[in-house]
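Read off the chains here:
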Amino acid sequence: MTEPLNTGSHDLPVTEELAAFMRTGWAPGAGAEVSARPIAPWAAKRRAALAQRFPGERLVIPAGTLKVRSNDCDYRFRPHSAYSYLTGASESDDVLVIEPSGQAVLYVRPRAPREEGQEFYRDRRYGEFWAGPRPDLAEAAELYQIECAHIRDLELGAPARVLRGVDASVDARVPRGDGDAELESFLSEMRLVKDEWELGELQGAVDATVRGFEDVVRALPKAIGHPRGERYLEGVFGLRSRLEGNAVGYDSIVAAGSHACVLHWIRNDGALDPGDLLLMDAGVEADTLYTADVTRTFPLSGRFSAVQRQAYELVYEAQTAAIATLRPGARFRDFHLAAMRVICDGLRDWGLLKQSTDELMETGLYRRYTLCSSGHMLGLDVHDCARSRAEVYLDGVLEEGHVLTVEPGLYLQPDDLTLPEELRGIGIRIEDDLVITAGGASLMSAALPRHPDEIESWMSALM
């Protein structure tokens with residue numbers, strides 16, 4: 001059965017003469033030369049570990065499908081992280097199947113042959129002339145070092161465990177089973193400890209992110225004069241992300257002044273007042289889809305005011321205390337609790353809260369000014385491994401090879417009457433990426449300054 005073409009409402013009819021003409025006269029070997037992707041041997045080990053965890057079962061992990069942005073325009077495709085982790089492949093509509101024997105087969109939608117049909121020049125979603133070439137079966141097998149078959153040969157049905165919610169057509173063809181949730185959790189948990197290859201990709205993403213922050217500081221003199229200065233800086237960082245990686249790993253937060261009190265401020269449409277702080281939370285996503293996640297808060301003038309420095313130093317001390325707890329065997333929640341104790345001490349010293357630190361930790365009153373947790377796992381997703389069981393992740397212990405963020409903050413709302421006027425509208429977060437090592441933790445984002453004196457010197461050298 002031939003699938004209908006995605007030709008769009010304004011497609012011109014094709015005569016028999018044109019169809020025949022389009023099928024001939026093409027040079028052989030139109031596809032680019034390919035070689036195995038560096039991820040291939042690592043992905044093979046991961047597939048073997050997955051098969052070992054569910055012996056004698058059929059496992060189905062889809063890549064995902066194209067998503068409509070508007071009318072006949074799709075978003076740029078990004079495969080599901082579990083699929084990318086197990087294959088290194090990046091095309092839509094493909095499906096990885098691990099058979100009960102443990103054999104893995106990648107079912108792909110290959111490039112349409114030019115001597116057959118009209119897809120290659122008429123199909124606006126998949127046609128080579130519209131969307132670029134997809135690998136054919138032989139090329140895919142070489143790229144990913146896995147047996148490949150045409151997607152039309154994929155036969156689905158029970159019994160099988162399926163990664164649900166990724167491809168509706170796959171979901172519809174396999175009855176839902178009790179084991180699907182267990183598969184989803186394991187696919188998340190097996191990514192908690194990063195291998196050597198992943199650590200290299202993450203470090204590369206962090207290094208590119210450092211250069212992106214440097215670009216932003218250099219751009220400040222022009223951005224400050226623009227009515228949408230936040231968006232100007234977002235664009236500057238976005239350029240670095242596209243030049244050195246796939247894109248940004250998440251929508252950049254570029255929050256000047258009181259916008260920094262909105263934890264997920266992504267409108268980025270405000271102006272930049274030289275008297276304000278700028279909170280920027282951004283990360284480059286590598287071509288392999290591993291992302292950095294870094295936040296810096298710095299004075300747009302290049303120098304902290306006395307009250308800005310007072311607030312910044314409290315967050316700096318909280319982050320430093322949190323980082324000091326990181327080591328194999330420590331509870332995942334320990335670093336957040338360490339940071340919050342420092343925050344509580346500071347709020348008491350400022351006279352904002354009267355109870356003891358122990359009482360504040362128990363009642364949670366301090367959360368009016370800090371709101372959220374102080375970090376998360378990092379990897380293919382900015383909030384990586386989120387489908388892991390609580391006892392393995394949130395209530396678990398740190399292991400060598402875990403990569404996580406540490407990001408305490410203060411968010412002093414502009415209309416909060418419990419605050420003295422000079423503190424209102426100040427938002428500060430400091431976020432770094434760290435890998436747990438045998439001896440503690442290594443600061444992957446150490447190239448960006450954290451201490452306020454170092455930030456002022458850094459900015460002075462760049463502006």
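Right, let's walk through the structure included here. Computed from a predicted model, the values in this text were never measured in an experiment. (Residues numbered from 1 in each chain as written. Predicted model: local features only at pLDDT ≥ 70, side-chain atom pairs only at ≥ 80, totals over all residues. Heavy atoms only, no water.)

Turning to the overall build of the chain, a few remarks are in order. Helix and strand counts for the chain come out as 14 helices and 17 strands. Oriented by its inertia axes, the alpha-carbon framework of the chain measures out at about 80 × 50 × 35 Å. A total of 463 residues make up the chain; the buried ones form 52% of that total. Contacts in the chain between residues at least 24 apart in sequence constitute 69% of all its contacts with a sequence separation of at least 6. Surface exposure of the chain reaches about 21400 Å², of which carbon and sulfur atoms provide 50%. Charge separation in the chain, taken as the distance between the mean sites of 49 positive and 73 negative side-chain charges, equals 2 Å. (Helix = DSSP H or I, 4+ residues; strand = E, 2+ residues; numbered from the N terminus. Buried < 20%, exposed > 50% of the residue type's maximum accessible area, 1.4 Å probe, protein only. Contact = heavy atoms within 4.5 Å. Areas by Shrake-Rupley, 256 points an atom, 1.4 Å probe, with all protein chains shown as cover. Lys, Arg positive; Asp, Glu negative; His and termini not counted. Charge placed at Lys NZ, Arg CZ, Asp CG, Glu CD.)

A full pass over the atoms with the stated rule returns two cavities of 30 Å³ or more. Considered as a void within the structure, the largest cavity measures approximately 40 Å³ in volume. Around the largest cavity, the lining residues are Arg-111, Ala-112, Glu-119, Phe-120, Tyr-126, Gly-127, Glu-128, Gly-132, Pro-133 and Arg-134. Along the lines of polarity and charge, the residues of the lining of the largest cavity split into four nonpolar, two polar and four charged. There is about 30 Å³ of room inside the second largest cavity. Taken together, Glu-91, Asp-94, Val-108, Arg-109, Arg-134, Pro-135, Ala-140 and Tyr-144 make up the lining of the second largest cavity. (1 Å grid on protein atoms, 1.4 Å probe; cavity = no way out; pocket = protein on both sides within 12 Å on 5 of 7 lines; lining within 4 Å. Points joined across faces, edges and corners; volume = space filled by probe spheres on them. Nonpolar A, V, L, I, M, F, W, Y, C, P; charged D, E, K, R; others polar.)

Look at helix H10 (residues 229-244): 23 Å from first C-alpha to last across 16 residues, which is about the 22 Å you get at 1.5 Å a residue. Taken together, the buried positions of H10 are occupied by Gly-229, Glu-230, Leu-233, Val-236, Phe-237, Arg-240 and Ser-241. Relative to the axis of H10, the buried residues are bounded by an arc of 140° and lie together on one face. With respect to the buried face of H10, the exposed residues turned more than 90 degrees away are Leu-239 and Leu-243. Where H10 is buried, its residues contact helix H9 (196-223), strand S8 (247-248), strand S9 (253-256), strand S10 (277-282) and strand S11 (284-285). (Expected span 1.5 Å × (residues − 1). Arc of directions from axis to C-beta.)

Next up on the list: the packing of aromatic side chains. Tallying each qualifying case throughout the model produces 11 aromatic pairs. Ring geometry for Trp-26 versus Phe-120: centroids 6.0 Å apart, planes at 90°, classification edge-to-face. With Trp-26 in the loop between helix H1 (16-22) and helix H2 (40-53) and Phe-120 in helix H4 (residues 119-122), this pair connects stretches of sequence that are 94 residues apart. You can call Trp-26 partly exposed: its relative accessible area is 36%. Owing to a relative accessible area of 1%, Phe-120 belongs among the buried residues under this scheme. (Phe/Tyr/Trp six-rings, centres within 6.5 Å; stacked < 30°, edge-to-face > 60°.)

The full count for this structure, using the stated rule, is 37 salt bridges. Glu-91 is paired through a salt bridge with Arg-134; the nearest N and O atoms lie 3.8 Å apart. Taken together, the residues Glu-91 in the loop between helix H3 (81-87) and strand S4 (95-98) and Arg-134 in the loop between helix H5 (128-131) and helix H6 (137-144) connect sequence positions 43 residues apart. For Arg-134, a relative accessible area of 8% corresponds to the buried category. The partner of Arg-191 in a salt bridge is Asp-381, and the shortest N-O contact between them spans 3.3 Å. Pair noted here: Arg-191 is in the loop between helix H8 (180-189) and H9 and Asp-381 is in the loop between helix H13 (357-363) and strand S13 (403-406), with a separation of 190 residues, a long-range link. On the basis of relative accessibility, which here comes to 4%, the residue Arg-191 falls in the buried class. One salt-bridge network, in which partners are shared between bridges, spans Arg-211, Asp-215, Arg-218, Arg-240 and Glu-244. (Salt bridge = Lys/Arg side-chain N within 4 Å of Asp/Glu carboxyl O.)

A separate point is the layout of surface pockets. If you add up the space inside the largest pocket, you get close to 1200 Å³. Around the largest pocket, the lining comprises 43 residues; the ones closest to its centre are Arg-76, Phe-77, Arg-78, Asn-246 and Glu-285. Mapped onto the lining of the largest pocket, the elements with two or more residues apiece are H3, H9, H10 and S8. Residue contributions to the lining of the largest pocket peak at four residues, all from H10. Across the lining of the largest pocket, the residue classes break down as 19 nonpolar, 13 polar and 11 charged. What the second largest pocket holds in volume is close to 830 Å³. Along the walls of the second largest pocket sit 25 residues, with Glu-3, Arg-109, Glu-119, His-150 and Ile-151 positioned nearest its centre. Counting residues per element, the lining of the second largest pocket draws most heavily on helix H7 (residues 168-173), at three residues. Taken together, the residues that form the lining of the second largest pocket break down as 10 nonpolar, five polar and 10 charged.

So, on to the environment of Ile-98. On the secondary structure map, Ile-98 appears in strand S4. C-alpha of Ile-98 to C-alpha of Val-60: the two residues are 38 residues apart in sequence and 6.6 Å apart in space. Residues contacting Ile-98, with those up to four places away along its chain left out, are Arg-47, Leu-50, Ala-51, Glu-57, Arg-58, Leu-59, Gln-103 and Ala-104.

Okay, unusual backbone geometry next. In this structure, the amide linkage connecting Ala-158 to the following residue, Pro-159, adopts the cis form with an omega of -5°. Tracing the backbone through its elements, the reader meets Pro-159 in the loop between strand S6 (147-150) and strand S7 (161-162). The backbone phi angle of Asn-268 is positive, close to 50°, even though this residue is not glycine. Along the chain, Asn-268 turns up in the loop between S9 and S10. Judged by relative accessible area, which is 0%, Asn-268 ranks as buried.

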